[in-house]
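Notes for the structure review
Now for the letters of each chain:
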Amino acid sequence: MKKISLIALVGVGLLAASCNKAKTDTSVGTEQTVAESKGEMLKVDSVASVVNWKAFHKGGFAPRWGTLNVKSGDLSIEGGQVTAGNFIIDMTSIKVDPASVTEADKKPAELEVHLKSADFFNVEKNPVSDFKITSVADLKETPKDAVAGANKTISGNLTLLGKTMNVTFPAKVDVAGDTAAIQAKFTVNRADWGIKFGTTESDPAEWMISKDIEIAIDVKAKK
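Residues numbered from 1 in each chain as written. Predicted model: local features only at pLDDT ≥ 70, side-chain atom pairs only at ≥ 80, totals over all residues. Heavy atoms only, no water.

1. A look at the overall build of the protein chain
Our working rule: In this description a helix means any DSSP run of H or I spanning at least four residues, a strand means any run of E spanning at least two, and both kinds are numbered starting from the N terminus. Burial classification: accessible surface area is computed with a 1.4 Å probe over protein chains only, and a residue below 20% of its type maximum counts as buried, one above 50% as exposed, and the rest as partly exposed. For every accessible area listed, the method is Shrake-Rupley and the probe measures 1.4 Å; residues are considered covered only by the protein chains on display.
Along its length, the protein chain carries two helices and 10 strands. Going from N to C terminus, the protein chain has its helices and strands arranged as α-β-β-β-β-β-α-β-β-β-β-β. Here the protein chain holds 223 residues, and 48% of them are scored as buried. Of the roughly 10,300 Å² of accessible surface on the protein chain, a fraction of 50% belongs to carbon and sulfur atoms.

Laid out in structure tokens, this is it:
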């Protein structure tokens, strides 16, 4: 697995096939104050929610993709809008889709073991990651590659490997009756969270690993 990269978070909605086409307007900055939970609280449905991820070698070659389970969480609803919330991602649940492993000498299970190791997500020490909403605002202009139906801009603190960074991305947010849903897709640089395996070009055996990870989140909550 020396030549693949990935994420997590979280990730899901599914991802574009091209490395270049998949990038959306995502900004990453320092940790921000988490939005206060007010109004009605809806529990995240861990069975119906998922994070999808996709990663590449540089240039978009040899993509790998798969899923992560959402363990728990909640969304706050006030005035018919999602105003706060969080969800926890089970990093031990990381899966590699067998369809993404086309090389005869590679096995999905081996790639999963490597992704769980200290080279990437070190799940023994960091079994979970989390995302905590810091703000939700109306989307002023829909980026070309945003998830279909995007109507909001969400900012939130994403914690991976114990490091927290604030991520802002377009999302589709729906509130109807006793349910709420958030769908989004965006790209982050894993090195921002200290996931640096294969990011140096000094080693010819590893320099082709891309730093970019595509994440698509599909989080559903209900009363």
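That shown, we press on.
2. Description of the pattern of salt bridges
Test applied: Salt bridge, as used here, is a side-chain nitrogen of Lys or Arg placed within 4 Å of a carboxyl oxygen of Asp or Glu.
Across all of its chains, the model carries six salt bridges by this definition. For Lys223, the salt bridge identified is with Glu40, shortest N-O distance 3.2 Å. Taken as a pair, Lys223 in the segment after β10 (209-222) and Glu40 in strand β2 (residues 40-44) lie far apart in primary sequence, 183 residues in all. With relative accessibility at 66%, the residue Lys223 sits in the exposed group. Across the pair Asp138 and Lys152 runs a salt bridge, and its minimum N-O distance is 2.5 Å. Remark: Lys152 occurs in strand β7 (residues 152-160) and Asp138 occurs in strand β6 (residues 128-138); sequence separation between them is 14 residues. Look at Lys152 and you get buried, because its relative accessible area is 11%.

3. Concerning the pairing of β6
The line we're drawing: At least two bridges found by DSSP between two strands is the condition for calling them paired.
Note: strand β5 (residues 81-96) against β6, five bridges, orientation antiparallel. Considered in β6, the bridge of Asn86 is made with Lys132.

4. A closer look at the packing of aromatic side chains
As a reminder of what qualifies: Note on aromatic contacts: the rings of Phe and Tyr and the six-membered ring of Trp form a pair at centre separations within 6.5 Å, being stacked when their planes are under 30 degrees apart, edge-to-face when over 60 apart, and tilted otherwise. Put simply, a charge is over a ring when the Lys NZ or the Arg CZ is close to the ring centre, within 6 Å, and near the line of the ring normal, within 35 degrees.
All told, the structure shown has four aromatic pairs when counted by the stated rule. Within the aromatic cluster, the residues linked to one another by ring pairs are Phe87, Phe131, Phe169 and Phe186. When the ring centre of Trp65 is taken as reference, the NZ or CZ atom of Lys54 above it lies at 5.1 Å.

5. Some words on the pairing of β5
Note: strand β4 (residues 64-78) against β5, 11 bridges, orientation antiparallel. Paired with Thr67 across the two strands is Lys95, which belongs to β5.

6. Looking at the environment of Ser117
So the rule is basically this: Pairs of N or O atoms are called polar contacts if they sit within 3.5 Å, as long as, within protein, a hydrogen donor faces a hydrogen acceptor (for residues adjacent in sequence, only side-chain-to-side-chain pairs).
Locating Ser117 in the fold gives a position in the loop between α2 (108-116) and β6. Under the relative-accessibility criterion, Ser117 is labelled partly exposed at 23%. A polar contact of 2.6 Å, which involves the side chain of Ser117, links it to the backbone oxygen of His114.

7. Quick look at α2
Put simply, the rule reads: This arc is built from the directions going out from the helix axis to the C-beta atoms. It only takes one pair of heavy atoms within 4.5 Å for two residues to be counted as in contact.
Regarding α2, the residues found buried are Leu111, Glu112, His114 and Leu115. Burial along α2 is one-sided: seen end-on, the buried residues are contained in an arc of 160°. Structurally, α2 contributes buried residues whose contacts are with β3 (50-57), β4 and β5.

8. A closer look at unusual backbone geometry
We note that Asn122 has phi near 45°; this positive angle belongs to a residue other than glycine. Along the chain, the position of Asn122 falls in the loop between α2 and β6. Although it is not a glycine, Leu161 sits at a positive phi angle of roughly 50°. Summarising the element assignment, Leu161 is placed in the loop between β7 and β8 (163-176).

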